[in-house]
Number of protein chains: 2
Amino acid sequence: MAIVTSAPPGMRDFLPAAVARRRFVMERIREVYRLHGFVPLETPSMERLEVLLGKYGEEGDQLIFRVMKRGEALSRAVEDGGKELADFGLRYDLTVPLARVVAEHASSLPRPFKRYQMQPVWRADRPQRGRLREFYQCDVDFVGSRSLVAEYEVISAVTGALGALGFTDFRVRVNERRILSGLVELLGLPAEQGIAVITVIDKLDKIGMEGVQRELTLLGVGAESWELLASLLKPGVTLAEVAAAFAGRSPAGEAGCANLEALFALIARAPLAAGSVGFDLSLARGLSYYTGPIFEIALPDLAGSVGGGGRYDGLIGMFGKEEIPAVGFALGFERIMLIMEERGMFPELAEGADLMVSQLDGAPEALAAVLAFAKLARSAGLSVEVYPEVAKLPKQFKHAESIGAPMVAILGLREAESQTVGLRRMGTGEQVTLPWSEAIATLKGRA
Amino acid sequence: MAIVTSAPPGMRDFLPAAVARRRFVMERIREVYRLHGFVPLETPSMERLEVLLGKYGEEGDQLIFRVMKRGEALSRAVEDGGKELADFGLRYDLTVPLARVVAEHASSLPRPFKRYQMQPVWRADRPQRGRLREFYQCDVDFVGSRSLVAEYEVISAVTGALGALGFTDFRVRVNERRILSGLVELLGLPAEQGIAVITVIDKLDKIGMEGVQRELTLLGVGAESWELLASLLKPGVTLAEVAAAFAGRSPAGEAGCANLEALFALIARAPLAAGSVGFDLSLARGLSYYTGPIFEIALPDLAGSVGGGGRYDGLIGMFGKEEIPAVGFALGFERIMLIMEERGMFPELAEGADLMVSQLDGAPEALAAVLAFAKLARSAGLSVEVYPEVAKLPKQFKHAESIGAPMVAILGLREAESQTVGLRRMGTGEQVTLPWSEAIATLKGRA
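Just so you know, these numbers come straight off a predicted model, no measurement behind them.

Quick notes on the rules
- Residues numbered from 1 in each chain as written.
- Chains lettered and ligands numbered in written order.
- Predicted model: local features only at pLDDT ≥ 70, side-chain atom pairs only at ≥ 80, totals over all residues.
- Contact = placed C-beta atoms within 7 Å.
- Helix = DSSP H or I, 4+ residues; strand = E, 2+ residues; numbered from the N terminus.
- Nonpolar A, V, L, I, M, F, W, Y, C, P; charged D, E, K, R; others polar.
- Least-squares fit on C-alpha atoms with pLDDT ≥ 70 in both.
- Buried ≥ 20, exposed ≤ 12 C-beta atoms within 10 Å, placed from the backbone.
- Domains from an automatic or database assignment.
- Arc of directions from axis to C-beta.
- Pairing = 2+ DSSP bridges.
- Axes fitted to C-alpha atoms, helices over the stretch in contact; angles between N-to-C directions.
- Parallel < 35°, antiparallel > 145°, perpendicular 65-115°, else oblique.
- Left-handed = near helix turned anticlockwise from the far one by under 90°.

Asks: Tell me what's going on with the interface of chain A and chain B, and back it up with residues and numbers.
Replies: At the junction of the two partners, chain A supplies 83 residues and chain B supplies 83 residues. With seven residues, the single largest contributor to the side of chain A that touches chain B is helix H14 (residues 364–379) of chain A. Classifying every residue of the side of chain A that touches chain B gives 47 nonpolar, 16 polar and 20 charged.

Asks: Help me get a handle on the environment of aspartate 13 of chain A, residues and values and all.
Replies: Mapping aspartate 13 of chain A onto the fold places it in the segment before helix H1 (16–35). In sequence terms aspartate 13 of chain A and isoleucine 201 of chain A are 188 residues apart; their C-alpha atoms lie 39 Å from each other. For aspartate 13 of chain A, the contacting residues outside a window of four places in its chain are Ala7 of chain A together with Thr43, Val101, Glu104 and His105 of chain B.

Asks: Tell me about the relation of the copies chain A and chain B, and please be specific about residues and values.
Replies: Laying chain A over chain B is done by rotating through 180 degrees and shifting 0.0 Å along the axis; what remains is an RMSD of 0.0 Å. Taken together, the rotation and translation relating the two chain copies correspond to the operation of a two-fold axis. Closest to the rotation axis within chain A is the C-alpha of valine 67 of chain A, separated from it by 2.3 Å. Of all interface residues in chain A, 100% are interface residues in chain B too; the two copies therefore contact each other through one and the same surface.

Asks: Provide a residue-level description of unusual backbone geometry, including the pertinent values.
Replies: In this structure, proline 112 of chain A follows arginine 111 of chain A across a cis peptide bond, with omega equal to 0 degrees. Looking at the element boundaries, proline 112 of chain A is found in the loop between helix H5 (95–104) and strand S5 (113–122). In this structure, glutamine 419 of chain B takes a positive phi of about 50 degrees despite not being glycine. Mapped onto the fold, glutamine 419 of chain B is located in the loop between helix H16 (413–418) and strand S15 (420–425). Classification of glutamine 419 of chain B by C-beta neighbours within 10 Å gives exposed; the count is 12.

Asks: Report on the domain arrangement of chain A, specifying residues and quantitative values.
Replies: Domain boundaries assigned for chain A yield domain 1 (16–51 + 92–343), domain 2 (52–90) and domain 3 (355–446). On a C-alpha basis, the centroid separation for the pair domain 1 of chain A and domain 3 of chain A is 53 Å.

Asks: I'd love a proper account of helix H8 (residues 194–201) of chain B, names of residues and values included.
Replies: Among all positions of H8 of chain B, only Val197, Val200 and Ile201 of chain B are buried. Taken around the axis of H8 of chain B, the buried residues stretch over an arc of 100 degrees, which confines them to a single face.

Asks: For the pairing of strand S14 (residues 407–411) of chain A, give the residues involved together with the corresponding values.
Replies: Residues and elements named next belong to chain A. Counting buried residues along S14, five of its five residues qualify, which places the element largely inside the surrounding structure. Alternating residues of S14 divide into Met407, Ala409 and Leu411 and Val408 and Ile410, and every residue in both groups is buried. Across five bridges, strand S12 (residues 355–359) lies against S14 in parallel orientation. Residue pairing for S14: methionine 356 is matched across the bridge by valine 408.

Asks: Let's hear about the packing of helix H11 (residues 239–246) of chain A against helix H12 (residues 251–269) of chain A: which residues, and what values?
Replies: Helices that pack against each other are described as a pair by the angle of their axes relative to one another and the distance between those axes. All names here are of chain A. Relative orientation of the contacting elements H11 and H12 amounts to 155 degrees, with a least axis distance of 9 Å. Viewed along their axes, H11 and H12 adopt a mutual orientation that is roughly antiparallel. Crossing geometry of H11 relative to H12 is assigned as left-handed. Contacts between H11 and H12 involve Leu239, Val242, Ala243 and Phe246 on the former and, on the latter, Gly253, Glu254, Cys257, Leu260 and Glu261. Across the contact of H11 with H12, the residue classes break down as six nonpolar, one polar and two charged.

Asks: Break down the sheet that holds strand S5 (residues 113–122) of chain B for me, with residues and values.
Replies: Residues and elements named next belong to chain B. Taking strand neighbours across the sheet as the criterion, the eight strands line up as S1-S5-S6-S11-S10-S9-S7-S8 in an open arrangement whose pairing is mixed. Edge strands, defined here as strands with exactly one partner in the open sheet, are strand S1 (39–40) and strand S8 (276–279). By the bridge criterion, six bridges tie strand S7 (residues 171–176) to strand S9 (residues 293–298) in an arrangement that is antiparallel. Of the residues in S9, the one forming a bridge with asparagine 175 is isoleucine 294.

Asks: Which residues make up the pairing of S9 of chain B, and what are the values?
Replies: Residue and element names in this part refer to chain B. Summarising burial for S9: six of the six residues are buried, a large majority. Neither face of S9 is open: one carries Pro293, Phe295 and Ile297, the other Ile294, Glu296 and Ala298, and all of them are buried. In this structure, S9 lies alongside strand S10 (residues 307–311), joined through four bridges in antiparallel fashion. Counterpart to isoleucine 294 in the pairing with S10 is glycine 310.

Asks: I'd like a rundown of the packing of helix H9 (residues 204–218) of chain B against helix H10 (residues 223–233) of chain B, residues and numbers included.
Replies: Residues and elements named next belong to chain B. Two elements in contact, H9 and H10, have axes separated by 11 Å at closest approach and are oriented at 165 degrees. Between H9 and H10, the angle falls in the class roughly antiparallel. Crossing angle aside, the handedness with which H9 passes H10 is left-handed. Contacts between H9 and H10 pair Leu204, Met209, Gln213 and Leu216 from the former with Trp226, Ala230 and Leu233 from the latter. The class makeup of the residues in the contact of H9 with H10 is six nonpolar, one polar and no charged.

Structure, rendered in structure tokens:
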């Protein structure tokens, strides 16, 4: 029986060129996060199931990969009808692990605690185009402050990171959870219906105004309320217009508007490094745990968002005794990769060797010289591949091409004796013979 | 019910200072691997169970973490008595995934293919001191050559990496699988008993000569054979002495000795960057898949090894149709970390912010100046934390200390108006007021 050798569904092998591009993006994001004073955190791939369950809604619970018990514990669980087959699950996001770490290591963490985390997460989604089961997230979270500086800093960090990658045409859509609550009030609906209504508004992009109206009518929104809502959901509605609609009618809505006004004023006075920021009443973000401003980053050529976040003052403290305010923003690493590939935004990355050293003859002195010259070149910072066998030169040149080495050193017994080396430029076929030190200098010049 | 917030057993949270040290080590290893022409590969955390099972012996199969099926497939498996509860397992090492990738992506990989891989692996070992369930390995493998250059290059890469980390006192112990087979021949035992005998010899370090003698006697090794073996297992036995014992008596042993002689000659002519290399007849390494030279790196203050490997010509091709020769070496990342911590080998790593900007008053103009100055400092490459709230200065200074920021910028309305900033050196309490550009220059000088 032949074994299937492809990567598991929804997961991927990254060959060297792909790893180089992924590292390029990750290091740039990391550097901007670092400049913003965020420090790195890493957590285990697994968490106890009781830590994970109930945090992502019912659907989320279903999507957690569970790691099986073993031995007798497993046998007992099977006999028991398969109810408790697992103790641990794979990390589903980077926020719940952060909340756990903040509870566990409270005394050794500064407060406020600003951390970034760039690690894979796993979701047992049905694999399909663009839906992965293993993917990286790049999160920043500002833990422990109610100040708008936290919002400003996470927005500055993620927009700065996108800017450092070469993105200029993105837009940070901003809304406020309390503005959405205000809308629910304005429509005269009970607060409990809020989530359902907000979920409908969130679909405006996809189902259009008529779709939203149809679904809200089913939820009991009357014609008069709909008129009001429609006037606010029109494209380009300003924060001031929304604030005016709330005036005297929704304290939550007013508070939300005032908060966003202050945030936009801050951004106007200390502009972001890249992209633009704007109010968007139709932004809702599904997750029910947000308590203040919410954000999402849109790109013109991407359905969906390249990142999102917001203030969630109730979540980080969930494993401890106190409420801990926090603002977080997650960049979708795989989407960034996808768009950068599509747009051709990657510079040429030197992934392979700078030099291949070939073998001309099998004499031990020649091989010793090959290895010694390779060592010298490496100590000068060059990445060097040694062709391992004596073979015809065209075959060795072909290998140099396949690994992308721009230069080949040719070193046989004659060169070994004179401490020289033939340097061949693969692009042009030009070849010169030089003493070792000059050869290294030449290579350094072109590498 | 309070939820346990510690990391799962055998796994660890890495707080910022720990992440900084781990990255420091990983980047140094990566750089030396890169200089040696190895290119990076990354594979999924999961593999199909049929890829993993049967590759690590029976004990290994037990230690694979299995990922549960879900939904109906799981219910059916439970009804079926719990036989096929899982389709996938977590990566157990980096070698089997490499073999799978070589089979799957054969046409897009160069041959020889030199890859490094630095990723976590998972083993369901009983957690105990120094035994982890999630840990990193740093592997180099030279795939597709029978030349000793492959052995030389992987040894050069791993010893170079240890050297770059500051290790000088390590020793690469080298033996040859065929020398061990020769020993079995010499002792007059059937080849099938070879593994058992080798396993006993491998324990010489732990159980001493008497222990080895006792266990070999149980395996049927007679007094005369033992005399011969004992004369070879004495400390400091040379390769030439072993070769002499094999002469005319064991073709396998002779071939193994000749091969190591050639390898040592190569190393003598092109010496390694760090550490020493020597023959060690008692090195056996448990894994049965080695076919040629085997290596292990010992440190004087470490029981066990900090890395090991060897030639294994039968393994990499296992998922394809052809035999593919290969030499690999794995550095034990967590052991390196442990020893470096114990020996105090880490330089001071700037993990936190270079600067904290404090807030003196709540005026919007002052806050805008705080954010603008932070932006300016960041664009000069400084890592900057903005204290998010207006608070008494001593409290803000305390936070600067807790995040390790050596400098604090003090910026209130007065400074905002004059585009100046107070700079306080946290160590001495010295404070100067400077125009922004001069402040940045000062900070750059000390950062």
